[in-house]
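# An overview of the molecular structure
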Amino acid sequence: MSNKIVIPTGLREAQTIDEIGIHDIPEGVGAGPEQSFDIKDRTLFMLLDEERRVYVPAMSNGWIPATPHTRKQLHLVHTRTNQPILLSNWKLAHLQAERRIRPMTEDPTKNLPGSSLSYKEEHIAFSDWKTRMIDAILAAEVERGKHLTWPQMKKVMEKIGAETGLKPLGRTQTFERLKLDRDGGQFDRLVNQMPKHRPGNRTERFHSQLYDLVREAVFETIANLGTWKMVRAKVKILVRDGAKYEHLRAEVLDNEGNFLLKQSFLGRTIKGCNLYVKDLLRHGPDFAQRKHADYLRQIRATAPLERVDADFAQFPVMIIDDELDIAFGKPWTCVLRDRFTAIPIGWSVGFGSPSFQLFLEALQHAIFEKTDLPEGTEYPYGGFPLAIGVDNEQPLIQKDAENAARQVGYKLVEYRPGSPWMKGALERLFRILGTAFVHSLAGATTSSPDERKKYDNEKEMAVPVLKLSEFRGFLAHYFCNIHVFEPRLGLGETNAVEAVPADLWVEYIKKAPLRPLIDRDIFARMAGLSKMVTIQSDGARLDFIHYSSPELFLIRTNPAHKKGKRYRFVRDAYDVGHGWVEDPYRGKMIEVFAQGAGARYAPGLKLFHHRRIMDYRREQNKKLKNVLDLIEAQDAMAEEVLNLKRSRRKYDIARKVAQLFESQVNKFGDAKIIDMSTLRSGADLMDLANPETMRPKPPRSPRAKAVVPVAAKPASTMMPVVVEGDDDADAAGYDV
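Everything numeric in this text was worked out from a predicted model, so none of it was measured.

## Comments concerning the sheet that holds strand β18 (residues 540–542)
Taken in spatial order, the 6 strands line up as β17-β20-β21-β22-β19-β18 in an open sheet, and their pairing is antiparallel. Two strands in the sheet have a free side with no partner beyond their single neighbour: β17 (530–534) and β18. The average undirected angle you get between the axes of adjacent strands in this sheet is 40 degrees.

## Some words on the pairing of strand β20 (residues 566–571)
For β17 and β20, the ladder comprises 5 bridges, and the chain directions are antiparallel. Counterpart to Lys531 in the pairing with β20 is Phe569. Both β20 and strand β21 (residues 578–583) contribute to a ladder of 3 bridges, which runs antiparallel. Bridge pairing in β21 places Val570 opposite Trp580. Between the antiparallel neighbours β20 and β21 lie 6 residues.

## Some details on the sheet that holds strand β8 (residues 318–320)
The 3 strands are arranged β9-β8-β14 in an open sheet whose pairing can be described as mixed. Edge positions in the open sheet fall to β9 (327–329) and β14 (465–467), since each of these has one partner strand only. This sheet shows a mean twist of 35 degrees between the axes of neighbouring strands, independent of strand direction. In terms of strand pairing, β8 meets β9 through 2 bridges, oriented antiparallel. Opposite Ile320, over in β9, you have Ala327 as the bridge partner.

## So, the packing of aromatic side chains
Taken as a whole and judged by the stated rule, the model has 16 aromatic pairs. Between Trp150 and Phe175 the ring centres are 6.5 Å apart and the planes differ by 45 degrees, which places this aromatic pair in the tilted class. In this pair, Trp150 is assigned in helix α3 (residues 150–164) and Phe175 in helix α4 (residues 171–183), connecting sequence segments 25 residues apart. Judged by its relative accessible area of 18%, Trp150 is buried. According to the relative accessible area criterion, Phe175 is partly exposed, its value standing at 39%. Here the aromatic rings of Tyr567 and Tyr585 are separated by 6.1 Å at their centres, their planes lie at 75 degrees, and the arrangement is edge-to-face. Separated by 18 residues along the polypeptide, Tyr567 in strand β20 and Tyr585 in the loop between β21 and β22 (588–594) bring together distant segments of the chain.

What counts, and where the lines are drawn
Residues numbered from 1 in each chain as written. Predicted model: local features only at pLDDT ≥ 70, side-chain atom pairs only at ≥ 80, totals over all residues. Heavy atoms only, no water. Pairing = 2+ DSSP bridges. Helix = DSSP H or I, 4+ residues; strand = E, 2+ residues; numbered from the N terminus. Axes fitted to C-alpha atoms, helices over the stretch in contact; angles between N-to-C directions. Phe/Tyr/Trp six-rings, centres within 6.5 Å; stacked < 30°, edge-to-face > 60°. Buried < 20%, exposed > 50% of the residue type's maximum accessible area, 1.4 Å probe, protein only.

Shown next, in the form of structure tokens:
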């Protein structure tokens, strides 16, 4: 295999490490020990600058152990100049969160930022099939404590195939896929198993539909407690004129109407039907789940991040916008709680109903650096969980949740339905949150119906009101300053012994499982929010926000581009300040950022928050359009515009397209917003022995930060009206 790696147009290789600003990243202060990364020696990486347009190739060269004065660091070498790069686990986590570190492979399309979003559904399904078989073999090897032989591997895959309906892998393909999973890395596990393009016809064989015909007849027969005779009758019905399988009549009946399929074939199909499927068809999913599902008994984890519990909870408080008269409703929260230390490692806030996207936001909050905390607040507790335990909450057990577990790399553990004690500590945490601040607010009626009966009707009608930033500030304040420092039962040697969660984390985090480097763009891919947009000279517009990038110029000037042509736009539901536009001509994803006024408004803003603001603005504009004076003013303005005649046109064709593209890049660089308030004056004396590098803060939406709430004020007697607007079609099910 060739060692030459080619980077497509769109990224520029830097000559030195200093150009990408790796050394300017400040080391985490007061964060304490961190979860270590699992990185093999001689692994090639691409390190990018802040704008992810300039890169340097680097190769890992082992770990430098920690000393009393330094942290454990990964030793990287710049492959062009042999310059050393030392990155601590904290800096690696920072680069991962900022999408500035990527693996380098021989396939150039897998190197580019946003490449995780470019794969088609059929490719993801193909890779998911391979990954399921590989995971089953690896799990069996861990259980037995040794490598499996080929007959044992085959038996394991046949068992998984019977449960999922997927075809087992062949001998050669099995060993090839195991090697790809082992050597391909864990940055994005599905990429390791992606199919390679091969010429030839891949259409399915026609006779495979015959098995679909028999299977459909068998399923209906089982549901009606029938025998093979009923299967035969149902097959004849399905091949009648105008029926679903009419084209298979010659395979089932001869010219005289005699049945061609043997009784033994139908009988074996009925007897070979999965027992879970039989109970599912006869008694329903609840009975089948209780009878056949495998569940793990509740045990305490042995290290932080070995087992994390996830669940949703709603609080009886009305949330409003920080600046506008917008009521969001009662908030839902998703919390991920570490079972060993009882520390919440990630959380999210949404509205409407529990959803898979709300869980993904909490998972990101747990894995990556937390940037939404109030000023002056630190929370070093977080990392990559080895397993996540969930109950029977629908968003956490649906197909999307299972796919997320395979793609990200954690294990999804489903607790027994109707058994809340399996994660009773998390349920208690929600009760503590309610008692700590929500139910103590003025106008709160508690979550218990018996307690609500003690209040008169006037107080029952009052609902406490908080701003969104205040509610998030309450959560952050409790988690950061109270919960982790309070002694709690069950964390010591026995269930009756107390221990402090923060002390347990510092003591045992070194025993936590190694974390993989993952591509943060995976979460945008799993959210599945995309639309088709047109590209104009000022970029792409979506939901009243203009997005642009210098690379969009290459799409507009491509010969295949036509006016009005639409391109796929993948949005980030957790940060509307940026997104990705698919370039079909070069086969890559272009990351675009909010421009103009949106550059201050959008970064860090959630999609649900932005949509509520836009709905509110539309309602206000409708009211203003009905004002007669405004209509007359608009007509007068239109008349003045029509009277202006501009006939001059200036045609100034550039000598080189590259010069225009370079000017576009410089234009975007000059328009970048820099917060100068964080820079120090040069009047102070510089400590030459220990100089300090100050970096301006990147712009973020004022609504994206949590704030420490002020003293509680009486609830307003006038409640803001909830604005109900039509959501986009691509946000089905995402009401958070």
